[in-house]
Amino acid sequence: MNPETTPSAAAAPQAGEPRMPASGLRRKDLVGIAELTVEEIALILDTAAAMKEISSRPIKKVPALRGKTVVNLFFEASTRTRTSFEIAEKRLSADTLNIAASTSSVVKGETLADTVHNIEAMSPDLLVVRHSSSGACHFLSRICRAGVINAGDGMHEHPTQALLDAFTIRERKGRIAGLKVAICGDLLHSRVLRSNVQLLTRMGADVWLCGPPTLMPVGFERTGAHVTSSIDEAVEGADAVMMLRIQLERMLGGYFPTLREYFNVFGMTPARVRRARPDVLVMHPGPMNRGVEIDSELADGPSSVILDQVANGVAVRMAVLYLLSGGADHEAVA
Ligand code: CP
């Protein structure tokens, strides 16, 4: 890679800011946190810290991915992820285009494999994929020449969300190791949970999971996280509280009596969050169900970093795009 065109040349690091890495991730795809090493996670977070400065410039653009083509292929609705990937791609000067399932030939019955093979015939470098089926991105990573970035697949993983959550915690607290992070809500249906538990436990956080027993996946104790159905226990002394959306669209049955009862027992309120540390971070990946899993006063209050998470999503996605497509060792990946 030409150093003149890399963000390291374009984004002169400030004092104390991490320098841009000389080489990328030694992999073609980012399908899940599960496959990343601690060193790779740290590399992405450090690269994102350098990328963030680009978004504060009057001209928010560097030529790092000039000549690369990125296709955003969204088979499920998205506001934050799709928009921030597109902004990240544009800030790195990639050629970018968006395909939504509703306006593609998927509605005429074309299979996922056929759709992607046809897109690949036009030589993209990276595919950013959101799909309702868990495992869709693993499948595509095996059949595609282009790199595949998972933008959320069913109930499996949402790796860039976990990376931006970790980035936000580290930016605010200066570290992740040793912090108590409570993740509360609809754990069963959450790909954000699955990515975050792996990332945060591996980075040394003390992770507490809380939700109704009907929305608690089995086996999460094995990750090293604590599991409880007491929201007070989960929040007690927490450094960060991450609320997860009730995913009504993925629920086939009744998991709790009513939304009002859910809020009364598991909703995060200013009163409940007072059990946490005074400098607690209130987090939510969005979209929020106000008055269901989180009280509006908290979501919009001084402890909320919910919009910081969104802003940091651009930097983290710039880092992932750069490291997957721009690394000097990219061609060496089998
Ligand atoms: N956090 C998140 O994935 O939001 P979107 O569904 O709007 O992309």
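Source: prediction; values computed, not measured.

Asker: Would you explain helix H7 (residues 191–202) in this entry?
Answerer: Given 3.6 residues per turn, any residue in an α-helix points the same way as the ones three and four places further on. Helix length check: H7 (12 residues) gives 17 Å between terminal C-alpha atoms against 16 Å at 1.5 Å per residue, within 8%. The buried fraction of H7 is high, at 9 of 12 residues. Within the span of H7, buried status applies to Arg191, Val192, Leu193, Arg194, Ser195, Asn196, Val197, Leu199 and Leu200. Between a side-chain oxygen at the N-terminus of H7 and the backbone nitrogen of Val192 the separation is 3.3 Å; the capping residue is Ser190. At the exit of H7 stands Gly204, carrying a positive phi of roughly 95°.

Asker: Explanation requested: the layout of surface pockets in the structure shown.
Answerer: Over the atoms, a rolled probe matching the size of one water molecule traces out where space is still vacant. The computed volume of the largest pocket comes to approximately 360 Å³. Looking at the largest pocket, it is lined by 22 residues, and the ones nearest its centre are Arg130, Arg191, Arg245, Gly286 and Pro287. Looking at the lining of the largest pocket, its residues break down into 5 nonpolar, 10 polar and 7 charged.

Asker: Quick question: what am I supposed to make of the state of the cysteines here?
Answerer: Among covalent bonds in proteins, the disulfide is the one between the sulfur atoms of two cysteines. The full count for this structure, using the stated rule, is 0 disulfides. You can see Cys137 has no disulfide; the closest cysteine sulfur is in Cys144, sitting 9.7 Å from it. Overall, Cys137 belongs to the buried group, its relative accessible area being 0%. Free cysteine: Cys210, not disulfide-bonded; nearest cysteine sulfur from Cys184 at 4.8 Å. You can call Cys210 buried: its relative accessible area is 1%.

Asker: Would you explain the pairing of strand S2 (residues 95–100) in this entry?
Answerer: A regular strand carries its side chains on alternate faces of the sheet. Where strand S1 (residues 69–74) lies against S2, 6 bridges are found, and the strand directions are parallel. Bridging across to S2, Val71 finds its partner in Leu97. Between the parallel elements S1 and S2, the chain passes through helix H3 (residues 80–91) in a crossover that is right-handed.

Asker: What's the story with the sheet that holds S2 in this structure? I'm lost.
Answerer: What holds strands together in a sheet is hydrogen bonding between their backbones, with the strands either parallel or antiparallel. Spatially, S2-S1-S3-S4 is the arrangement adopted by the 4 strands of the open sheet, whose pairing is parallel. Looking at which strands have only one partner, the edges of the open sheet turn out to be S2 and strand S4 (147–153). Taking the axes of each pair of neighbouring strands and ignoring which way they run, one obtains an average angle of 15° across the sheet. In terms of strand pairing, S1 meets strand S3 (residues 126–131) through 5 bridges, oriented parallel. Bridge pairing in S3 places Leu73 opposite Val129. Contacting S1, S2, S3 and S4, H3 crosses the sheet at an angle of about 175° to S1.

Analysis parameters
- Residues numbered from 1 in each chain as written.
- Predicted model: local features only at pLDDT ≥ 70, side-chain atom pairs only at ≥ 80, totals over all residues.
- Heavy atoms only, no water.
- Helix = DSSP H or I, 4+ residues; strand = E, 2+ residues; numbered from the N terminus.
- Expected span 1.5 Å × (residues − 1).
- Buried < 20%, exposed > 50% of the residue type's maximum accessible area, 1.4 Å probe, protein only.
- Polar contact = N/O pair within 3.5 Å; in protein donor to acceptor, adjacent residues only side chain to side chain.
- 1 Å grid on protein atoms, 1.4 Å probe; cavity = no way out; pocket = protein on both sides within 12 Å on 5 of 7 lines; lining within 4 Å.
- Points joined across faces, edges and corners; volume = space filled by probe spheres on them.
- Nonpolar A, V, L, I, M, F, W, Y, C, P; charged D, E, K, R; others polar.
- Disulfide = S-S within 2.5 Å.
- Pairing = 2+ DSSP bridges.
- Right-handed = clockwise from strand over helix to strand, strands pointing away.
- Axes fitted to C-alpha atoms, helices over the stretch in contact; angles between N-to-C directions.
- Contact = heavy atoms within 4.5 Å.

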